[in-house]
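# Understanding the architecture of this molecule
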Amino acid sequence: MTGTAMLEITGLTHAFGPGASHPALDGITLAVGEGGLVSIVGPSGCGKSTLLRCVAGLIRPTGGSVVLRGAPVDGVPDGLAVVFQDYSRSLFPWLSVRDNVALPLRRTQPGRAQRRAIALEALGMVGLTDTAQKYPWQLSGGMQQRVAIARALACEPVLLLMDEPFGSVDAQTREDLEDLILTVRQHRQITILMVTHDIDESVYVGDRVIVLTRGPARVRADLEVDLPAPRDQIASKELPAFVRLRTEVSRLVRGQPGDAGRPGSAGGAGLSAPGADSRDRNRSRAARASQE
Amino acid sequence: MSRRSGRLVARWVVIAAAVVLWQVWARQRGSSFFPPPSAIAARMYRQWFSGPVSHLFLTADAVGNVLPSLGRIAAGLAIAVVAGGVTGVAIGRSVALSGYLDPLLQFARALPAVTLVPVFIALFRLGTEMEVATIAFGTVWPILLNTIDGARSVDPVQMETARAFRLPGWPRLTKLIVPATMPRFFAGLRLSVSLALVLMVFAELAGSSNGLGYEMNNAESSFDMTWVWATIVLLALLGNVFNLLEQAVEHRMLGWHRGARGRMP
């Protein structure tokens, strides 16, 4: 679609089961620019996680392609890191926090001292330097997810995939972690794809929200989030633009038509339609056109 | 006093009370088949622990019979741990291997190790090799089968994490599969340690020129019931010591496991 896209997903289709009898993804096409933070929302069980696993190269899709920085994804690509939802199972309980973070570096860093130094630096980034010697199960859920984020960051990924990363922590912790992601993104050139089922979160964190249809998933809408930076948990969520967007996303997730037919909209499913103030209107329009 | 230490004291009180009861009962009865604990303890001391300081108080009999038995248990268990642990992880992680080998393993496990003693005697001649083979063959099954189960049931989320971070083969084995298998491995080892003692005595009874089973044979054929009882009590004590040793190792290795399951490490 665009020459600058770092991640291009084209016609991605996947079905599980014998004879591919259970379709999960139905022709997803999506381009993500360098440094973007894209939220993916959709009804539960719609195939969001399957999409993420295909992008990560953990599942071989039955059709379509994923291209990362010009190279087709076939197996887990270089420069990719994942934060799973289930932090308590994705961290290894027999390793200290520091060793959990340092472990994936085994592939690229031969020196143990070097690995540990990188791990400590990554832990510093998520505010957990003091817990390096502890075990994951000695930490709260939110702190464990911070460790998982540090583990991902330590690999210095160009693409970070997060699968409902804050789905199992309390509301306050969730907000802190959302802000942590925004901070991380300010300091590192990193593209983030975040699957979430929380509509407020998708709008607050993302600079673009992809809404998927009920399974098998297709792209229902591709919305630009045009909120001023830096975002603030209270001020940003009061803005009319935020309220409008979250209502729109909410409606789309529930399967109701978007703002089509209402004044200022041109029949599309997004706020990036003519009239809406969009930074990247052309890309968004192209993405929508390819869906329709 | 905390509740835990209170219970510990109560446990020792129960043991002491049982010994006292036994003492009173045996004295009253005066049967030569059931000597009182005091006589048994005295005999144990004389038989094994009244040696010179330079031998750590061990008598010639202890060096000649107790130590070889301990050595055989150690050797047999070591073979079982290495063989059962390594093949267990390999079989558990390979769908093809477990598919082919599962029926065979279930059959072999059901085979009582003691019935193979005649085979081992024919294979290895009487003596240490035969005894070690019996112990190793008998104790390998709990370790092997539990290790297979443990390696097979490594958490899929953990495996996917390793894949997502492209963890290379060796650290994937040593930092993920082996630690994740450890709780089940130790469950098997616990069973094997108790089994090892039984197998040692049986193999030595069947034919040996030294060891505790041999000593028991001697005691029995000389109608020295106090000696027989002394050997029995020594075996019971050894069994307890082995269990404690196993628990200590397990405690050290699986601190994370207790912690992750919400118990204090």
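Values in this document were obtained by computation on a predicted structure and should not be read as measured data.

Definitions and cut-offs
Residues numbered from 1 in each chain as written. Chains lettered and ligands numbered in written order. Predicted model: local features only at pLDDT ≥ 70, side-chain atom pairs only at ≥ 80, totals over all residues. Helix = DSSP H or I, 4+ residues; strand = E, 2+ residues; numbered from the N terminus. Buried ≥ 20, exposed ≤ 12 C-beta atoms within 10 Å, placed from the backbone. Pairing = 2+ DSSP bridges. Contact = placed C-beta atoms within 7 Å. Nonpolar A, V, L, I, M, F, W, Y, C, P; charged D, E, K, R; others polar. Expected span 1.5 Å × (residues − 1). Arc of directions from axis to C-beta. pLDDT = per-residue confidence, 0-100. Domains from an automatic or database assignment.

### Some thoughts on the overall build of chain B
- A tally of helices and strands in chain B yields 11 helices and zero strands.
- For chain B, the N- to C-terminal ordering of α and β elements is α-α-α-α-α-α-α-α-α-α-α.
- Reported as C-alpha extents along the three principal axes, the dimensions of chain B are approximately 70 × 60 × 35 Å.
- A buried classification covers 33% of the 265 residues belonging to chain B.

### Considerations on the pairing of strand E9 (residues 208–212) of chain A
Residues and elements named next belong to chain A.
- Burial of E9 is extensive: five of the five residues sit out of reach of the surface.
- Burial along E9 is two-sided: Arg208, Ile210 and Leu212 and Val209 and Val211, pointing in opposite directions, are all buried.
- Where strand E3 (residues 37–41) meets E9, four bridges bridge the pair, whose relative direction is parallel. For Val38, the partnering residue across the bridge sits in E9 and is Arg208.
- With five bridges connecting them, E9 and strand E10 (residues 219–224) associate as antiparallel partners. When the sheet's bridge partners are listed, Val209 is paired in E10 with Leu223.
- Counting the residues between successive antiparallel strands, the hairpin from E9 to E10 contains six residues.

### Here we look at the sheet that holds strand E2 (residues 22–33) of chain A
All names here are of chain A.
- Here four strands make up an open sheet; going across it, the order is E2-E1-E4-E5 and the pairing antiparallel. The sheet is open, and its two borders are formed by E2 and strand E5 (71–72), each paired with just one other strand.
- Across five bridges, strand E1 (residues 5–16) lies against strand E4 (residues 63–68) in antiparallel orientation. Following the sheet pairing, Thr13 is matched in E4 by Gly63.

### Observations regarding the interface of chain A and chain B
- Each side of the interface is counted separately: chain A has 20 residues, and chain B has 18 residues.
- Taken together, the residues that form the side of chain A that touches chain B break down as 14 nonpolar, two polar and four charged.

### Details of helix H9 (residues 240–253) of chain A
Residues and elements named next belong to chain A.
- Compared with the 20 Å implied by 1.5 Å per residue over 14 residues, the 20 Å span of H9 between its first and last C-alpha is a close match.
- Those residues of H9 not exposed but buried are Leu245, Glu248, Val249, Leu252 and Val253. Looking straight down H9, one finds that the buried residues subtend no more than 130° of arc, so they occupy a single side. For H9, the exposed residues lying more than 90 degrees away from the buried face are Pro240 and Val243.
- Each element contacted by the buried residues of H9 is listed here: E3, helix H7 (199–205), E9 and E10.
- Just beyond H9, the residue with positive phi is Gly255, at close to 90°.

### Brief notes about unusual backbone geometry
- That bond from Ala229(A) to Pro230(A) is cis: its omega, -5°, falls within 30 degrees of zero.
- One can find Pro230(A) in the loop between E10 and helix H8 (235–238).
- Phi at Glu156(A) takes a positive value of approximately 50°, unusual for a residue other than glycine.
- Residue Leu56(B) is not a glycine yet carries a positive backbone phi of 55°.
- Structurally, Leu56(B) can be placed in the loop between helix H2 (37–48) and helix H3 (60–93).
- Classification of Leu56(B) by C-beta neighbours within 10 Å gives exposed; the count is 10.

### Description of the confidence of the model for chain B
Residues and elements named next belong to chain B.
- When pLDDT is averaged along chain B, the result is 91; 98% of the residues meet or exceed 70.
- Taken element by element, the predicted model of chain B shows its lowest mean pLDDT in helix H5 (residues 117–124) (84) and its highest in H3 (95).
- Both scores are available for the predicted complex, with the pTM at 0.84 and the ipTM at 0.82.

### Overview of the domain arrangement of chain A
All names here are of chain A.
- Partitioning chain A into structural domains gives domain 1 (5–79 + 157–291) and domain 2 (87–156).
- In this assembly, 11 residues from domain 1 lie in contact with 10 residues from domain 2.
- In the side of domain 1 that touches domain 2, the residues fall into eight nonpolar, two polar and one charged.

### Things to note about the pairing of E1(A)
Residue and element names in this part refer to chain A.
- Here nine bridges tie E1 to E2, and the two strands are oriented antiparallel to one another. Bridging from a neighbouring strand, Phe16 pairs with His22 of E2.
- Between the end of E1 and the start of E2, which pair antiparallel, lie five residues, with Gly17 showing a positive phi angle near 85°.

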